[in-house]
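Coordinates in review
Chain residues, written in single-letter form:
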Amino acid sequence: MALLEVKDLQVFYGVIQAIKGISFEVNQGEIVTLIGANGAGKTTTMQSIMGLIKPRDGSIVYDGKNITGMPTHKIVEMGMTQVPEGRRVFSELTVYENLLMGAYTEKDRSRIKEDIEEIYTIFPRLGERKSQVAGTLSGGEQQMLAMGRAIMSHPKLLMLDEPSMGLSPALVDQVFEIIKHFHNTGTTILLVEQNANKSLAISDRAYVLENGRITVTGTGKELMASEEIRKAYLGG
Amino acid sequence: MSTLIDGLSLGSVYALIALGYTMVYGIAKMLNFAHGDIIMVGSYAIFTTMSLCGFPLVAILVAVVVCTLLGIAIEKVAYKPLRGASPLAVLITAIGVSYLLQGIAQLIYGSTSKPVTIINMGNFQIGNSTVRVSSIVTLVVGAILMVILTLFINMTKTGRAMIAVSEDRGAAELMGINVNKIISITFAIGSALAAAASVCYLFQIPSTMPTLGAMPGIKAFTAAVIGGIGSIPGAVIGGVLLGVIENVCKSTPLSPFTTAIEFGLLIVILLVKPTGILGKKRREKV
Ligand SMILES: Nc1ncnc2c1ncn2[C@@H]1O[C@H](COP(=O)(O)OP(=O)(O)O)[C@@H](O)[C@H]1O
Ligand SMILES: [Mg+2]
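This section reports on the structure supplied with the text. The structure presented is a predicted model; accordingly, all values stated were derived computationally and were not measured. (Residues numbered from 1 in each chain as written. Chains lettered and ligands numbered in written order. Predicted model: local features only at pLDDT ≥ 70, side-chain atom pairs only at ≥ 80, totals over all residues. Heavy atoms only, no water.)

Within the largest apolar cluster, 111 residues are counted, with the highest numbers of intra-cluster contacts made by A:Leu4, A:Met80, A:Leu190 and B:Ile177. The dominant element in this core, judged by the number of residues it contributes, is helix 8 (residues 179–204) of chain B, at 15 residues. Apart from the residues within four sequence positions on either side, A:Met80 is in contact with A:Leu4, A:Ile49, A:Met50, A:Tyr62, A:Ile67, A:Ile75, A:Pro155, A:Leu157 and A:Met159. Counting residues in hydrophobic clusters, the runner-up holds 34 residues, among them A:Ile31, A:Val89, A:Met144 and A:Met147. (Core = buried A, V, L, I, M, F, W, Y, C linked by side-chain atoms within 4.5 Å. Buried < 20%, exposed > 50% of the residue type's maximum accessible area, 1.4 Å probe, protein only. Helix = DSSP H or I, 4+ residues; strand = E, 2+ residues; numbered from the N terminus. Contact = heavy atoms within 4.5 Å.)

Put into C-alpha cells, the structure is as follows:
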C-alpha cells in the first residue's frame, strides 16, 4: 500500500519551473531514495511534500488523505516529518531543548522523557552534550541531533534531505546505520542523496531526478548495476 | 539620586515598549510601527474606565485586555494577509495602521490632551533628595514583568517555540509548531507589555492625546535597535540606557539636545556594532 503518493507534481520559483511534473510513491515499510545532482530539484520536492512550498499543480496523498496545500504543522501531526537539508538545528537551544521541540506534538510527558533517554542511548554524544547549546556542536553532532529531533515525533514516514552532506566517511557510515535502525524499528524512509553509493545499497527502490524530471526508476540493486547510473552518480 | 531613579524608571517604560518591537521583529520578522500607538490606546482605555467607574485596578485590567485583543486583531487583519509579501509593503501597512489608530482616537476623544490620573502617589525623601513613588513603582513593575517574560520564554513550551520560530521558521514548522499561532501569541504578549508601559507612563505624566505613543514609540524602537533588535536582554539594556541618558541629559545644560544625543548614540552604536549591543549576525538562509 502506498503510504505516500506524489502525482504530476509541478513547482515553480517565480517563472522558473523547478519540478516539471514528477510522480512517485513510497510504500509502507520501504526505504526509497531520490538521487540527483545538485540543483536537480530534490530539496524542492521534499519541501513541497511537507507543505513548506506550495506546488503549482499535482497532488500529494499521504496515508490515503490528500495533503496538497495543507499547513506543515498539520502534516507533521499526521505522522510525517523531515530532517531538512543543512540540519537546521535550533542553535540557541540546548541539545535537550532541541529534542523537546521534536516532540512538540506529543502531549504525554513521561513518553517524551523515555524517548529522550532512548535518543541518548542511540546517540551517546548527544547525552554527553545535552545541556550544551546546539550551535556549539560539530557538524556530525548536529546531524545526529537533527535526526534524533525528527524521530522524537514518531513519524510513520521520515524524510531525510542529504543527511550525509559534508560529513567524514566514518560519520557517513554512522548516519546510514542510524537510518537502518529507524527503518528496522518501523519507520518508512524517503531519502534524498547526491552521493548515491550508500543510499542505493540500503534502498528498496530509487528514482533518479534530473532537471526537475524523473528519468530512471528501479530497485536499489538495479540502479547500482546500471552502467549509466554508475557513471553519473557512483563515481565510475 | 532622584535623577538616576527617574531615569531608570523611564528606562523601564522604554524597555517594556522595546520588548514588543523586538519580539515581533524576532519572530514575525517585521517592524510593527503601530506598536507605539497601542500605548496610546491603552491610555484612552484607562481614561474611559476611570471616568466611568474610577477604580484604578479595573482601569489597568481593561487597558491590558483591550491592548492585547487589539494587538491580536491588528496582526490578523493587517499583517497576516501579507505573510510572504515584500518587507516594504508590510512596513507601509504598519505605518497605515498607526495613522488609523491615531485617527480613530482623534475622532472619539478629540485632539486636545485629556488628564488621566490613575493614582496620586506622592514623593518621599532619601537623604536630601526627593524620590517619586511612581518612579519606584514603575521600576519594580518593569523589573518583575521582564523577569516573568524571560522565565516564560526560556522555561515554557510556548516560549521555546518562540525561540525556535525566531531562529528558523521552516524548521519550526517541521516540529509541528503552528507558526501563525506563535506569531499571534507574540503580538498578544507585546501588546500586553505595551499596556503595562502605558500605565507606567501615565504614572509619570498623567495626561494623554492621540499622538501620545509616537515619541515613546520611536524612543523604544531606538532602544531596541541599540540593544540589538530581536534580542530580549538587548531591549532591556537599550531601554534602560536610553532612559537614564535622557534623564541625566535633561538635568544638565545639554537639556535642549537630549533627543539629538539619544539618536546620536544610536548612530555611534550602529557604526561600531551594526547589529546593536547584543545583536547577532543573522545566518543567511540558503
Ligand atoms: N528559493 C529559490 N528561489 C529560486 N530558485 C530556487 C530556489 N530554491 C531552489 N531553486 C532552484 O530550483 C532548482 C532545484 O533546486 P533544489 O530543489 O534545491 O535542488 P537539489 O536539492 O536537488 O540540489 C535549482 O535550479 C535551484 O536553483
Ligand atoms: Mg538540496
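That shown, we press on.
What follows covers the interface of chain A and chain B. With 22 residues of chain A at the contact, the number on the chain B side is 20 residues. For the chain A and chain B pair, buried surface summed over both sides reaches about 2000 Å², with 62% attributable to carbon and sulfur atoms. For chain A, the biggest contributors to the area lost against chain B are A:Arg88, A:Phe90 and A:Tyr104; these three give 33% of the whole. Where chain A touches chain B, the interface holds two salt bridges. Put simply, A:Glu97 and B:Arg160 hold a salt bridge, and the shortest N to O gap is 4.0 Å. (Buried area = accessible area lost by both parts, 1.4 Å probe. Salt bridge = Lys/Arg side-chain N within 4 Å of Asp/Glu carboxyl O.)

What follows covers a nonpolar patch on the surface. Residue and element names in this part refer to chain B. Among the surface-exposed residues, Leu100, Ile104, Leu107 and Ile108 lie close enough to one another that they form a single nonpolar patch of about 450 Å² accessible area. Looking at where Ile108 falls in the secondary structure, it is placed in helix 4 (residues 87–109). Relative accessible area serves as the criterion here: at 58%, Ile108 is assigned to the exposed category. (Patch = residues over 30% accessible without salt bridge, like charges linked within 9 Å, V, L, I, M, F, W, Y side chains within 5 Å. Areas by Shrake-Rupley, 256 points an atom, 1.4 Å probe, with all protein chains shown as cover.)

A few words now on the sheet that holds strand 1 (residues 2–13) of chain A. Residue and element names in this part refer to chain A. Taken together, four strands build an open sheet; the order of strands is 2-1-4-5 and the sheet is antiparallel. Of all strands in the sheet, those bounded by a partner on one side alone are strand 2 (16–27) and strand 5 (65–66). Judged from the two bridges that link them, strand 4 (residues 57–62) and strand 5 form a sheet pairing that is antiparallel. Within strand 5, the position partnered with Tyr62 by the bridge is Lys65. (Pairing = 2+ DSSP bridges.)

Taken as a whole and judged by the stated rule, the model has 16 salt bridges over all chains. A salt bridge links A:Glu141 to A:Arg129; the nearest nitrogen and oxygen atoms lie 3.5 Å apart. In this pair, A:Glu141 is assigned in helix 6 (residues 139–151) and A:Arg129 in the loop between helix 5 (124–128) and helix 6, connecting sequence segments twelve residues apart. Take A:Arg129: its relative accessible area is 23%, and that puts it in the partly exposed class. Via salt bridges that share partners, B:Lys219, B:Glu246, B:Lys250 and B:Glu262 belong to a single interconnected network.

Now for helix 10 (residues 232–250) of chain B. Residues three or four positions apart in an α-helix share a direction because the helix packs 3.6 residues into each turn. All names here are of chain B. In this model helix 10 runs 27 Å from its N-terminal to its C-terminal C-alpha over 19 residues, within 8% of the 27 Å that 1.5 Å per residue would give. Every buried residue of helix 10 is accounted for by Ile232, Gly234, Ala235, Gly238, Gly239, Leu242, Gly243, Val244, Glu246, Asn247 and Cys249. Among the structural elements, helix 1 (2–28), helix 5 (133–155), helix 9 (214–227) and helix 11 (258–272) are those in contact with the buried residues of helix 10. In this structure Ser231 caps helix 10, since a side-chain oxygen of it lies 2.9 Å from the backbone nitrogen of Gly234. (Expected span 1.5 Å × (residues − 1). Polar contact = N/O pair within 3.5 Å; in protein donor to acceptor, adjacent residues only side chain to side chain.)

Moving on, we come to the coordination of the magnesium ion (ligand 2). A:Thr43 (OG1) and A:Glu85 (OE) make up the full set of protein donors to the magnesium ion (ligand 2), lying at 2.0 to 2.2 Å. Of the two residues, A:Thr43 is situated in helix 1 (residues 42–49) and A:Glu85 in the loop between strand 6 (80–83) and helix 3 (95–102); the sequence distance between them amounts to 42 residues. (Donors = N, O, S within 2.8 Å, 3.2 Å for Na, K, Ca; no water.)

On to the site of ligand 1, then. Residues and elements named next belong to chain A. Around ligand 1 sit Tyr13, Ala18, Ala37, Asn38, Gly39, Ala40, Gly41, Lys42, Thr43 and Thr44, and those are all the residues in its vicinity. The separation between an oxygen atom of ligand 1 and a polar main-chain atom of Ala40 is 3.2 Å. Within the backbone of Gly41, an N or O atom sits 2.9 Å from an oxygen atom of ligand 1. Considering each element in turn, the shell around ligand 1 owes the most residues, three residues, to helix 1. Here the shell around ligand 1 is built from residues that sort into four nonpolar, five polar and one charged. (Near = heavy atom within 4 Å. Nonpolar A, V, L, I, M, F, W, Y, C, P; charged D, E, K, R; others polar.)

With that out of the way, let us pick up the packing of helix 2 (residues 35–52) of chain B against helix 8 of chain B. Residues and elements named next belong to chain B. In contact at an axis separation of 8 Å, helix 2 and helix 8 are set at 60° when each is read in the N-to-C sense. Between helix 2 and helix 8, the angle is such that the two are oblique. For the element pair helix 2 and helix 8, the recorded crossing hand is right-handed. Every residue of helix 8 that contacts helix 2 at His35, Ile38, Ile39, Gly42, Ser43 and Ile46 is listed here: Gly190, Ser191, Ala194, Ser198, Val199 and Leu202. (Axes fitted to C-alpha atoms, helices over the stretch in contact; angles between N-to-C directions. Parallel < 35°, antiparallel > 145°, perpendicular 65-115°, else oblique. Left-handed = near helix turned anticlockwise from the far one by under 90°.)

With that settled, consider the sheet that holds strand 9 (residues 205–210) of chain A. Residue and element names in this part refer to chain A. Judged by pairing direction, the sheet is mixed, and its six strands sit side by side in the order 6-7-8-3-9-10 without closing on themselves. One side of each edge strand has no neighbouring strand; the edge strands of this open sheet are strand 6 and strand 10 (213–219). Taken pair by pair, the neighbouring strands of this sheet meet at an average axis angle of 15°, ignoring direction. Summarising the sheet, strand 3 (residues 31–35) and strand 8 (residues 188–193) pair through five bridges and their orientation is parallel. Along strand 8, the bridge assignment pairs Val32 with Leu190.

Residues and elements named next belong to chain B. On the secondary structure map, Gln204 appears in helix 8. The exposure class of Gln204 is buried, given its relative accessible area of 15%. A polar side-chain atom of Gln204 sits 3.0 Å from a polar atom in the side chain of Arg132. Residue contacts for Gln204: discarding those within four places in its chain leaves Ser9, Arg132, Ser134, Ser135 and Thr138.

Moving on to the packing of aromatic side chains. With the rule as written, the count across this model stands at six aromatic pairs over all chains. Relative to B:Tyr109, the ring of B:Tyr44 has its centre 4.2 Å away and its plane inclined at 20°; by these criteria the two rings are stacked. Taken together, the positions of B:Tyr44 in helix 2 and B:Tyr109 in helix 4 put the pair 65 residues apart, joining distant regions of the chain. You can call B:Tyr109 partly exposed: its relative accessible area is 21%. In textbook terms, an aromatic cluster arises when at least three aromatic residues are bridged by ring pairs, as seen for B:Tyr21, B:Phe33 and B:Phe221. One residue, A:Arg149, lies across the ring of A:Phe90, its end atom 4.9 Å from the ring centre. Looking at B:Lys157, its charged tip hangs above the ring of A:Tyr104, at a distance of 4.7 Å from the centre. (Phe/Tyr/Trp six-rings, centres within 6.5 Å; stacked < 30°, edge-to-face > 60°. Lys NZ or Arg CZ within 6 Å of the ring centre and 35° of its normal.)

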